[in-house]
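Residue-level listing of the chains:
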Amino acid sequence: MTVTVQTLGRVAIVTIDNPPVNAASQAVRAGLVDAVAQTEADATIDAVVLTCAGRTFVAGADVREFDLPPVAPHLPDVIAAIEAASKPWIAALHGSALGGGLELAMGCHHRIAEASARMGLPEVTLGLVPGAGGTVRLPRLVGAELALTMIAGGKPISAQEALDAGLIDAIAQGDLVQKACDLAAAGVDLRPTLVKLVIGKSDATRFDRIASDMRRKARGQVSVPAAIDALERGLTLPATEALAAERATFLSLKTSEQARALRHIFFAERAALSDPRTKATPRPIARIGVIGGGTMGAGIASLCLMRGLTVTLIERDASSLDAGSARVRSTLESSAKRGLLVDLDATFARFDAATDDSALADVDLVIEAVFEEMEVKKQVFRRLDAVTRPDAILATNTSYLDVTEIAAGLRDPSRAIGLHFFSPAHIMKLLEIVLPASVADDVVATAARLSKTLGKIGVFSGVCDGFIGNRIMSAYRTEADRLLIDGASPEQVDAAMRDYGFPMGVFEMQDLAGLDIAWAMRKRRLAQGLSGEGDIRIADRLCEQGRFGRKTDAGWYDFTDGKATPSDAVTAIIVEERQAMGVADAVFETKDVMTRILGAMVQEAEAVLAEGIASSAADIDVVMVNGYGFPRWKGGPLFTVR
Ligand code: COA
């Protein structure tokens, strides 16, 4: 039975048991309707406790049902029945009370939660608005401002924040269900949330400013403005009208292209590490060695520390070591300031730095983040082969080199793997786990588990020049240069990409990252006999003139006080290159920009798939969305075209 009713004295305990996350599926909803009828009819019952078995309270509607026509009873009706009951219902919350789960709890008359519980309305992140009263009941409990960040921002809050805001009535110390039953036995009021008066905006100017900020940052994701509008109705209209309008918006968004895309990414992220090799028993990982304390190495070290691991950083001399350690310290400090880290001193106490490889004698895993050159990487791996335990895993953070070749220098190549982090490593979600042919199954399983420990979205990639993400990026950068030759301007391309939903355009991005880095890489790759990036020389010529981007106040754009303006010098170079390639001047239509950019991405993505570098189209979408700024609500390049 998905929903059961037990009695304890004059209290009924209604338990939902629908693993893994107690989603409010049709069976759960039907079970709850029966439970209401049963407890209403039973004169020996005075109050009802609603709880969930397993690891969490109801974590939301059943997302898998969203592609099917809705089947009664519908969640709003279930919640209305509970709210209208003649006996008080007390929701006992543990784990995550999200979406429909929180709406269900708000339909109850009281709420008590474990201290570790989280509550939220994350529907916007799935392209939706709450559909069962969230925008009408939440502001009645917590006020307009917090409701705005929870509903339109999709951000969950902690039990303590929920208690402070009035969303829950108590935090349970000790046994949650027992505490809820004690409360029920002591007698609680029938207190339906909907009859409360809506509190309104305590500071309308501030509310409107945050709301307009959210609308702007949504960059075309329709669920965000729709959620703000729904909340505005919840704040101003009579409850029944606001509820009906909220439901209508929810139902129309549910079948929208954006919601389908966001569901695709939601499930794709969870399916990404399902390779059969992950069934092997992972090796224990507690102590990590990091080689190289530059931006990437220090970022990886900080991330590992923040996630509870012990880290030894290796640099070649004392001054580089000091610089690397200072980078780690400063990342941890700023993370502590942003509330991402509880105990700075205890975290830093797990950090150690050395110039001597022998400090790695007992680590479980080493990640090297040294200079991106094959010979340098091979040399590091040979050094590690000599000093580490034979069962220690050796990982390279290369972003394009052949991991099989790096591994081949080891006595036991099966312990080598690629872990491609994205900068800043403690922020960016994606981790490409690059699997050389020689890798052992339990090393694959360990990397998959490590990715979860580090809070990353991991995707497996085969070995090729650039792996999944950089292969596709390189193809679209080449296409962007070709657009310039064909008559587009950098600002036209960037504007079209921003309109599509990218956080910035390809040229703005290069100005931010520094054109010199990609230039040095192109030269290195050519020297190594790897393909350069296309045959278009515009970026090289910008670099030859010292136009490295924002840091030199000149790149694809001119910069005055940090503000970008189109550059005549760049236009002149483009025109010269266009003429040198024999292309006639032409007017480039903005509507063609994204068609061409997406076309190039998709073509390369299909090749990556055909070569077996990615094991599924969904993996490619996950990589582009989490590592390269592809708008999540478009579902990734392959979802977009399929
Ligand atoms: N509907 C259907 N399935 C769901 C689900 C939902 N609302 N939420 C999670 N699942 C499934 C996942 O797909 C996964 O299935 P799998 O094991 O077959 O891959 C499983 O439940 C576990 O989820 P996972 O995210 O891996 O577990 P977690 O412990 O890391 O996180 C949650 C748990 C609840 C925090 C997280 O799953 C979550 O945020 N879910 C979505 C909540 C939401 O957006 N609700 C609003 C819906 S409108």
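Note that this is a predicted model, so its numbers are computed, not measured.

UniProt records the feature "domain: 3-hydroxyacyl-CoA dehydrogenase NAD binding" (unreviewed entry) for residues 288–459 in the present numbering. Between the C-alpha atoms that bound residues 288–459 there is a distance of 21 Å. The span itself is 41% helix and 21% strand.

Here helix 9 (residues 223–236) is 14 residues long and its end C-alpha atoms lie 20 Å apart, about the 20 Å a rise of 1.5 Å per residue gives. Among the residues making up helix 9, those that are buried are Ser223, Val224, Ala226, Ala227, Ile228, Ala230, Leu231, Gly234 and Leu235. Summarising the contacts, the buried residues of helix 9 are in contact with helix 4 (134–142), helix 5 (144–151), helix 8 (204–217), helix 10 (239–254) and helix 11 (257–271).

Turning our attention to the packing of aromatic side chains. If you walk through the whole model with that rule in mind, you get 10 aromatic pairs. Plain terms: the ring middles of Phe66 and Phe250 are 5.9 Å apart, the flat faces sit at 80 degrees to each other, and that makes the pair edge-to-face. With a gap of 184 residues between them, Phe66 in the loop between strand 3 (47–52) and helix 2 (75–83) and Phe250 in helix 10 connect regions that are remote in the sequence. Under the relative-accessibility criterion, Phe66 is labelled buried at 10%. The exposure class of Phe250 is buried, given its relative accessible area of 8%. With a centroid separation of 5.1 Å and 85 degrees between ring planes, the pair formed by Phe266 and Phe267 is classed as edge-to-face.

Here the structure, examined in full by the defined rule, presents 40 salt bridges. Where Arg411 meets Asp385, a salt bridge forms, and the shortest distance between an N and an O atom there is 3.5 Å. With Arg411 in the loop between helix 16 (403–408) and strand 15 (416–421) and Asp385 in helix 15 (residues 374–387), the pair connects residues that are 26 residues apart, well separated along the chain. With a shortest N-O distance of 2.8 Å, Arg389 and Asp391 are connected by a salt bridge. On the basis of relative accessible area, Arg389 is assigned to the partly exposed category, the value being 21%. Overall, the relative accessible area of 39% leaves Asp391 in the partly exposed class. Through salt bridges that share partners, Arg287, Asp362, Asp364, Arg389 and Asp391 make up one connected network.

For the rest of this paragraph, the subject is the side chain of Asp511. Looking at where Asp511 falls in the secondary structure, it is placed in helix 20 (residues 506–513). Of the side chains with opposite charge, Arg550 lies nearest to the buried Asp511, which makes no salt bridge, at 6.5 Å. Polar side-chain contacts of Asp511 include one of 2.9 Å to the backbone nitrogen of Trp556.

Nonpolar side chains in soluble globular proteins tend to end up buried together. Residues Trp89, Met119 and Leu167 are the most contacted members of the largest nonpolar core, which totals 69 residues. When residues no more than four places from it in sequence are discounted, the contact partners of Leu167 are Leu102, Met106, Arg111, Met119, Leu138, Leu141, Val142, Met150, Ile157 and Ala162. Ile265, Leu430, Val602 and Ala617 belong to the second largest nonpolar core, which has 57 residues in total.

Among the 18 residues in the neighbourhood of the ligand, the closest are listed as Arg55, Ala59, Ala61, Val63 and Arg270. A distance of 3.0 Å separates a nitrogen atom of the ligand from a polar backbone atom of Ala59. In the environment of the ligand, a nitrogen atom lies 2.9 Å from a nitrogen or oxygen atom belonging to the backbone of Val63. Protein chains shield 70% of the accessible area of the ligand, which is 860 Å² for the free molecule. Of all elements in the fold, only strand 5 (96–98) and helix 11 reach the threshold of two or more residues within the shell around the ligand. The dominant element in the shell around the ligand, judged by the number of residues it contributes, is helix 11, at 3 residues. Here the residues of the shell around the ligand sort into 11 nonpolar, 2 polar and 5 charged.

A few words now on unusual backbone geometry. Omega for the peptide link from Ala72 to Pro73 comes to -5 degrees, which places this bond in the cis form. Inspection of the secondary structure assignment puts Pro73 in the loop between strand 3 and helix 2. The omega torsion across Ser423 and Pro424 is -10 degrees, close enough to zero to call that bond cis. Locating Pro424 in the fold gives a position in the loop between strand 15 and strand 16 (430–435). For Asp553, which is not glycine, the phi dihedral falls at a positive 60 degrees. Although it is not a glycine, Asp561 sits at a positive phi angle of roughly 50 degrees.

Calculation rules
Along each chain, residue indices are assigned from 1 in the same order as the chain's sequence is written. At least 70 in pLDDT is required for a residue's local features to be given in this predicted model, at least 80 for side-chain atom pairs to be given and counted, and no such filter applies to totals for whole chains, interfaces and linings, which use all residues. Just so you know, side-chain values use all the structure's heavy atoms and leave hydrogens and water out. UniProt positions are given in the numbering used here, feature names are shortened, and annotations may be inferred rather than shown by experiment. Each helix corresponds to a stretch of at least 4 residues labelled H or I by DSSP, and each strand to a stretch of at least 2 residues labelled E; elements are numbered beginning at the N terminus. How far a helix is expected to stretch is found by multiplying one less than its residue total by 1.5 Å. The buried label applies to any residue whose accessible area, calculated with a 1.4 Å probe on protein chains only, is under 20% of its type's maximum; exposed applies above 50%, and partly exposed to all values in between. When checking whether two residues touch, look at their non-hydrogen atoms; a contact exists if any pair is within 4.5 Å. Only rings of Phe, Tyr and Trp enter the pairing, Trp through its six-membered ring, and a pair is recorded when the two centres are within 6.5 Å. The plane angle decides the type: under 30 degrees is stacked, over 60 is edge-to-face, the rest tilted. Salt bridges are counted wherever a side-chain nitrogen of Lys or Arg sits within 4 Å of a carboxyl oxygen of Asp or Glu. Positive charge is attributed to Lys and Arg, negative charge to Asp and Glu, and no charge count is given to His or to the chain ends. Under the rule applied, a polar contact is a pair of N or O atoms within 3.5 Å (in protein, one hydrogen donor and one hydrogen acceptor; residues adjacent in sequence only if both atoms are side-chain atoms). What we call a nonpolar core is a set of buried Ala, Val, Leu, Ile, Met, Phe, Trp, Tyr and Cys residues that are connected through their side-chain atoms within 4.5 Å. Summary of the distance rule: residues count as near a molecule or strand when at least one heavy atom falls within 4 Å of that molecule or strand. To measure how exposed things are, a 1.4 Å probe is used in the Shrake-Rupley method; for residues, cover is taken only from the protein chains shown. Gly counts as polar in this scheme, as do all residues outside two lists: the nonpolar Ala, Val, Leu, Ile, Met, Phe, Trp, Tyr, Cys and Pro, and the charged Asp, Glu, Lys and Arg.

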